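# A closer look at the structure
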Amino acid sequence: MINILDNAIVVATALAFLISGIVEAIKTATDIDVKYVPLLSLAIGLIIGLTLAYGFNLDVAETVLAGCIGGMSASGLYDNIKMIKE
């Protein structure tokens, strides 16, 4: 169990930056309400996790967990960067 969480956290760290960039691009291109940004980050993380799992024949539970953690991290990462800019 510890090994799965360690792997998920490593993958989630890399995904957080990718998800943050995707969310920022979507926010720039559309008129999405700010209150839905964390949900969008989580959904994108879930989609990326599923894509990685089935695309590279990886453990589905582990990569989906990593995607969700990455999505939640990206949401927090964006909020922190936004506060620093202001």
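These numbers were taken from a predicted model, which means no experiment stands behind them.

With respect to the helices and strands, the residue glutamate 62 is situated in helix H3 (residues 60–85). Once residues lying within four places of it in the same chain are set aside, the contact partners of glutamate 62 are Ile4, Asn7 and Ala8.

Take the packing of helix H1 (residues 2–29) against helix H2 (residues 37–55) next. H2 packs onto H1 with a crossing angle of 125 degrees between their chain directions and a minimal axis gap of 10 Å. The angle between H1 and H2 falls in the class oblique. The way H1 lies across H2 gives a crossing that is right-handed. Where H1 abuts H2, its residues Leu15, Leu18, Ile19, Ile22, Val23, Ile26 and Lys27 lie against Val37, Leu40, Ser41, Ile44, Gly45, Ile48 and Leu52. Partitioned by chemical class, the residues of the contact of H1 with H2 number eleven nonpolar, two polar and one charged.

What follows covers H1. Residues separated by three or four positions in an α-helix point in the same direction, a consequence of the helix having 3.6 residues per turn. For H1, built from 28 residues, the straight-helix expectation of 40 Å at 1.5 Å per residue is met to within 8% by its first-to-last C-alpha distance of 40 Å. When the local axis directions of H1 are compared, the greatest deviation, roughly 30 degrees, occurs at leucine 15. If you check which residues of H1 are buried, you get Ala8, Ala12, Leu15, Ala16, Ile19, Ser20, Val23 and Lys27.

All right, on to the nonpolar core then. Among the nonpolar cores identified, the biggest contains eight residues, and these are Leu15, Ile19, Val23, Val37, Leu40, Ile44, Ile48 and Ala74. Listed by contribution, the elements that provide at least two residues to this core are H1 and H2. Among the elements that make up this core, the one with the highest residue count is H2 (four residues). Setting aside its immediate chain neighbours within four residues, isoleucine 19 contacts Ser41, Ile44, Gly45, Ile48, Gly67, Gly70, Gly71 and Ala74.

Reading the values: rules and limits
- Residues numbered from 1 in each chain as written.
- Predicted model: local features only at pLDDT ≥ 70, side-chain atom pairs only at ≥ 80, totals over all residues.
- Heavy atoms only, no water.
- Helix = DSSP H or I, 4+ residues; strand = E, 2+ residues; numbered from the N terminus.
- Contact = heavy atoms within 4.5 Å.
- Axes fitted to C-alpha atoms, helices over the stretch in contact; angles between N-to-C directions.
- Parallel < 35°, antiparallel > 145°, perpendicular 65-115°, else oblique.
- Left-handed = near helix turned anticlockwise from the far one by under 90°.
- Nonpolar A, V, L, I, M, F, W, Y, C, P; charged D, E, K, R; others polar.
- Expected span 1.5 Å × (residues − 1).
- Bend = angle between axes of the 7 residues up to and from the residue.
- Buried < 20%, exposed > 50% of the residue type's maximum accessible area, 1.4 Å probe, protein only.
- Core = buried A, V, L, I, M, F, W, Y, C linked by side-chain atoms within 4.5 Å.

Any functional reading would require information that these geometric values do not contain.
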